[in-house]
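Below are the chains, spelled out letter by letter.
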Amino acid sequence: MKKKVGFIGWRGMVGSVLMDRMKREKDFNNIDSIFFSTSQIGLKSPNFSSVNTLQDAYDIDILRSMDVIVSCQGGEYTSKVYYKLRDTAWNGYWIDAASTLRMINESVIVLDPINLHVINSALENNVKTFVGGNCTVSLMLMAIGGLFSHNLIKWILFSTYQAASGAGSKHIIELLQQMGYLYNSISIDLKNPISSSILDIERKISFSIKDNSFPKKNFLAPLAGNVLPWIDLESDNFQTKEEWKVQAEANKILNTNNIIPIDGTCVRVGTIRCHSQSFVIKLKKDISYDSIIHIIKNNNPWVRIIPNDYQSTINFLTPIAISGTLDIAVGRIRQLTHLGSEFLSVFTVGDQLLWGAAEPLRRVLKILINR
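This one's a predicted model, so the numbers in the text were calculated from it and none came from an experiment.

Engineer: I keep staring at the sheet that holds strand β6 (residues 107-110) and nothing clicks. Help me out?
Structural biologist: The strands making up a sheet associate through hydrogen bonds between their backbones, and the pairing can be parallel or antiparallel. On the basis of which strands lie adjacent, the open sheet formed by 7 strands has the order β3-β2-β1-β4-β5-β7-β6 and parallel pairing. Because the sheet does not close on itself, it has two edges, and the strands there are β3 (55-56) and β6. One ladder, built from 2 bridges, connects strand β2 (residues 31-37) with β3; its direction is parallel. Each bridged residue has a counterpart across the sheet, and for Phe36 the counterpart in β3 is Gln55. On top of the sheet, helix α12 (residues 354-369) reaches β1 (3-8), β2, β4 (68-71), β5 (93-96), β6 and β7 (129-132); it is set at about 165 degrees to β5, its chief contact.

This is the structure:
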């Protein structure tokens, strides 16, 4: 008998990517899918739904009839519904994209190419709550998971370069509006660049960015032509919450006995999609360069080692090259011999809407429906 799976937040950015992946992989053939809404109750469901109309996402009685619930609706919805539903003695599986439940004791952060053994152990112990991890954390672990699994990492210092889409669809639109605003401010100069000095063009750009009418409602600052070295709320020790998540969630995903220190700076950049990350890694011992490449490459089938040369790097180690794929590009791999050969530098790129968000949810749902 097919399991009844309820979907909430399936029209948002992460939800849409999840739906696309599930259709491509024909996952809907194996479940009875019921679609819920917080705002369009009673309207027509997608044609691959088992029920013709959208159900009320706040109706606890209907939610209780689900074997599995998948929520991409966001933390506010989870906070309102999850505990009410559990209080009814509902014993189904809850799968969530939001951060709300990640660090509670009763949940497992899922990334099965890295922690399938943790997921399986949790299922044996009747755990029912499974949550997708922070996008940068999941992409980091997919990229250098081999170094973790071989117990080679003493500590990591990171810098992230996170796309506008990591903040949501409104932020993508705003970045594009900012780009258009800047272009319009110098479009005449660009048509006749000989008559305009580059310094004049640069001054017009700078003036436009600082103009009061420059669109920055969502980012609260210019992102086009700029970088924003602050993501999420302030946490302790002058960290942002986004920076705090990296060590906390990575160690929970890996179920480490001893905390692996991971710290750094999270930065928003003016790319549309895909997060990039730069790591300085202190290894526990000196191992050969060839061994490092082998360990990273063979951890999971999605890692793509990019040769450390100019042409390969600019063609394949970029958000444009990786966007929309499940590939995890890992390049600029080099031992920092001036510091010591046990120090390693790595640059990675991954699509944060896929391995950083939707794909771990899809894969854990598949695990659950096959039980």
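Engineer: Explain the state of the cysteines here, please?
Structural biologist: The term disulfide refers to a covalent linkage connecting the sulfur atoms of a pair of cysteines. For the structure on display, the rule yields 0 disulfides. Looking at the unpaired Cys72, the closest cysteine sulfur is the one in Cys135, lying at 14 Å. What makes Cys72 buried here is its relative accessible area of 16%. The thiol of Cys266 is not disulfide-bonded; the next cysteine sulfur, from Cys135, is found 8.6 Å away.

Engineer: What should I look at first to understand the packing of aromatic side chains in this one?
Structural biologist: Each aromatic ring pair is described using two quantities: the centre-to-centre distance and the angle formed by the ring planes. Within the structure shown, the criterion is met by 14 aromatic pairs. Judged by centre distance (5.3 Å) and plane angle (85 degrees), the ring pair of Tyr181 and Phe214 falls under edge-to-face. In this pair, Tyr181 is assigned in helix α6 (residues 169-191) and Phe214 in the loop between α7 (198-209) and α8 (241-254), connecting sequence segments 33 residues apart. Under the relative-accessibility criterion, Tyr181 is labelled partly exposed at 24%. Accessibility expressed as a relative area gives 2% for Phe214, which makes it buried. Between Trp302 and Trp355 the ring centres are 4.8 Å apart and the planes differ by 65 degrees, which places this aromatic pair in the edge-to-face class. Of this pair, Trp302 sits in the loop between α9 (289-297) and β11 (303-305) while Trp355 is found in helix α12, placing the two residues 53 residues apart along the sequence. Stacked on the ring of Tyr93, the Lys or Arg Lys128 has its end atom at 4.2 Å from the ring centre. Just above the ring of Phe343 sits the side chain of Lys282; from NZ or CZ to the centre is 5.4 Å.

Engineer: Sorry if this is basic, but what is going on with the layout of surface pockets here?
Structural biologist: The space that makes up the largest pocket amounts to roughly 1,200 Å³. Of all the secondary-structure elements, those providing two or more residues to the lining of the largest pocket are α1 (13-24), β2, α3 (75-87), α6, α8 and α12. Here the second largest pocket is characterised by a volume of approximately 340 Å³. As for the second largest pocket, its lining consists of 18 residues, of which Phe148, Asn151, Leu254, Thr256 and Ile260 are closest to the centre. Sorting the residues of the lining of the second largest pocket by element identifies α4 (112-124), α5 (135-149) and β8 (153-162) as the ones contributing at least two each. Broken down by class, the residue content of the lining of the second largest pocket amounts to 7 nonpolar, 9 polar and 2 charged.

Engineer: Hey, could you run me through the side chain of Thr78 in this one?
Structural biologist: You can see Thr78 is positioned in helix α3. By relative accessible area, which is 1% here, Thr78 ends up buried. Other than its neighbours up to four places away in sequence, Thr78 contacts Ser71, Trp94, Asp96, Ala98, Thr100 and Leu101.

Engineer: Before we go on, may I ask you to explain the nonpolar core in this structure?
Structural biologist: Considering soluble globular proteins, one finds that nonpolar side chains tend to be buried as a cluster. Counting residues in hydrophobic clusters, the biggest one holds 74 residues, and the most contacted among them are Phe7, Phe130, Met140, Ile144, Phe148 and Ile281. Other than its neighbours up to four places away in sequence, Phe130 contacts Tyr93, Trp94, Ile95, Asp96, Val108, Val110, Ile119, Ala122, Leu123, Val364 and Leu368.

The rules behind each value
Residues numbered from 1 in each chain as written. Predicted model: local features only at pLDDT ≥ 70, side-chain atom pairs only at ≥ 80, totals over all residues. Heavy atoms only, no water. Pairing = 2+ DSSP bridges. Helix = DSSP H or I, 4+ residues; strand = E, 2+ residues; numbered from the N terminus. Contact = heavy atoms within 4.5 Å. Axes fitted to C-alpha atoms, helices over the stretch in contact; angles between N-to-C directions. Disulfide = S-S within 2.5 Å. Buried < 20%, exposed > 50% of the residue type's maximum accessible area, 1.4 Å probe, protein only. Phe/Tyr/Trp six-rings, centres within 6.5 Å; stacked < 30°, edge-to-face > 60°. Lys NZ or Arg CZ within 6 Å of the ring centre and 35° of its normal. 1 Å grid on protein atoms, 1.4 Å probe; cavity = no way out; pocket = protein on both sides within 12 Å on 5 of 7 lines; lining within 4 Å. Points joined across faces, edges and corners; volume = space filled by probe spheres on them. Nonpolar A, V, L, I, M, F, W, Y, C, P; charged D, E, K, R; others polar. Core = buried A, V, L, I, M, F, W, Y, C linked by side-chain atoms within 4.5 Å.

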